[in-house]
Amino acid sequence: MAEPFVLEVKQRNKKIRMEFASEEDRRYWERAYRKRRFYTLYFMVGVGINFLLYFAGLDLSRNILMGGIVGLAVPLASMFGLTELHSYLASKNRKG
């Protein structure tokens, strides 16, 4: 029987040992774990972009549909987009 793929993660003052069925599963989980700490920061960048749009004159508060779409889409798009960009640049720097 093959040994499981193990990943040890240190959280605050304890270590958590996780077992995965394949090396690919372990790699995907580790990548997602490393990206999650940037989600809040980049979400707040998106909220800041919304404030800049509002103060620049784009007031969508009168249209509840467009206001809701833009109000949610900008922070979520910045969160996922900037996190992917950050992850891509970090992995590129590690390899090169």
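A few points on the structure.

What counts as what
- Residues numbered from 1 in each chain as written.
- Predicted model: local features only at pLDDT ≥ 70, side-chain atom pairs only at ≥ 80, totals over all residues.
- Heavy atoms only, no water.
- Helix = DSSP H or I, 4+ residues; strand = E, 2+ residues; numbered from the N terminus.
- Rg over C-alpha atoms; globule rule 2.2 N^0.38 Å.
- Buried < 20%, exposed > 50% of the residue type's maximum accessible area, 1.4 Å probe, protein only.
- Contact = heavy atoms within 4.5 Å.
- Areas by Shrake-Rupley, 256 points an atom, 1.4 Å probe, with all protein chains shown as cover.
- Lys, Arg positive; Asp, Glu negative; His and termini not counted.
- Charge placed at Lys NZ, Arg CZ, Asp CG, Glu CD.
- Pairing = 2+ DSSP bridges.
- Expected span 1.5 Å × (residues − 1).
- Arc of directions from axis to C-beta.
- Axes fitted to C-alpha atoms, helices over the stretch in contact; angles between N-to-C directions.
- Parallel < 35°, antiparallel > 145°, perpendicular 65-115°, else oblique.
- Left-handed = near helix turned anticlockwise from the far one by under 90°.
- Nonpolar A, V, L, I, M, F, W, Y, C, P; charged D, E, K, R; others polar.
- Salt bridge = Lys/Arg side-chain N within 4 Å of Asp/Glu carboxyl O.

## With respect to the overall build of the protein
Argument step 1. Tallying secondary structure elements over the protein gives 3 helices and 2 strands in all.
Argument step 2. Written out in order from the N terminus, the α and β elements of the protein read β-β-α-α-α.
Argument step 3. For 96 residues, the compact-globule estimate of 2.2 N^0.38 gives 12 Å, and the protein exceeds it by more than 25% at 19 Å.
Argument step 4. On the principal axes, the C-alpha backbone points of the protein span a range of 65 × 30 × 25 Å.
Argument step 5. Expressed as a percentage of the 96 residues in the protein, the buried residues total 16%.
Argument step 6. Long-range contacts, defined here as pairs at least 24 residues apart, represent 46% of the contacts in the protein between residues at least 6 apart.
Argument step 7. Looking at the protein as shown, the accessible area adds up to about 7900 Å², and 62% of this sits on carbon and sulfur atoms.
Argument step 8. Distance between charge centroids for the protein: 8 Å, based on 16 positive and 9 negative side chains.

## Quick notes on the pairing of strand β1 (residues 5-11)
Argument step 1. Alignment of β1 against strand β2 (residues 14-20), held across 7 bridges, turns out to be antiparallel. Bridge pairing in β2 links V6 to E19.
Argument step 2. Joining the antiparallel neighbours β1 and β2 is a turn of 2 residues, in which R12 adopts a positive phi near 50°.

## With respect to helix α1 (residues 23-35)
Argument step 1. An ideal rise of 1.5 Å per residue puts 18 Å on 13 residues; α1 measures up with 19 Å between its terminal C-alpha atoms.
Argument step 2. Regarding α1, the residues found buried are R26, E30 and K35. One face of α1 carries all of its buried residues, which in axial projection span an arc of 160°.
Argument step 3. Of the surrounding elements, those touching the buried residues of α1 are β1, β2, α2 (39-55) and α3 (64-95).

## Topic: the side chain of N50
Argument step 1. Structurally, N50 can be placed in helix α2.
Argument step 2. Sequence-distant contacts of N50, that is, excluding residues within four places in its chain, are made with V70, G71, V74 and P75.

## Topic: the packing of α2 against α3
Argument step 1. It is the contact of α2 with α3, at a shortest axis distance of 7 Å, that shows an interaxial angle of 135°. With respect to α3, the axis of α2 lies oblique. For α2 against α3, the interelement crossing comes out right-handed. Contacts between α2 and α3 involve Y39, Y42, F43, V45, G46, V47, I49 and N50 from the former and V70, G71, V74, P75, L76, S78, M79, F80, L82, T83 and H86 from the latter.
Argument step 2. Grouping the constituent residues of the contact of α2 with α3 by class yields 13 nonpolar, 6 polar and no charged.

## Remarks on the environment of K15
Argument step 1. Within the fold, K15 resides in strand β2.
Argument step 2. Judged by its relative accessible area of 60%, K15 is exposed.
Argument step 3. Non-local contacts of K15, meaning those with residues more than four positions away in its chain, are made with E8, V9 and K10.

## Digging into the pattern of salt bridges
Argument step 1. This structure, assessed with the given rule, holds 7 salt bridges.
Argument step 2. In this structure, R26 engages E23 in a salt bridge whose closest nitrogen and oxygen atoms are separated by 2.6 Å. Here E23 and R26 lie together in helix α1, a separation of 3 residues that amounts to about one turn.
Argument step 3. Exposure remark for R26: the relative accessible area of 15% places this residue in the buried category.

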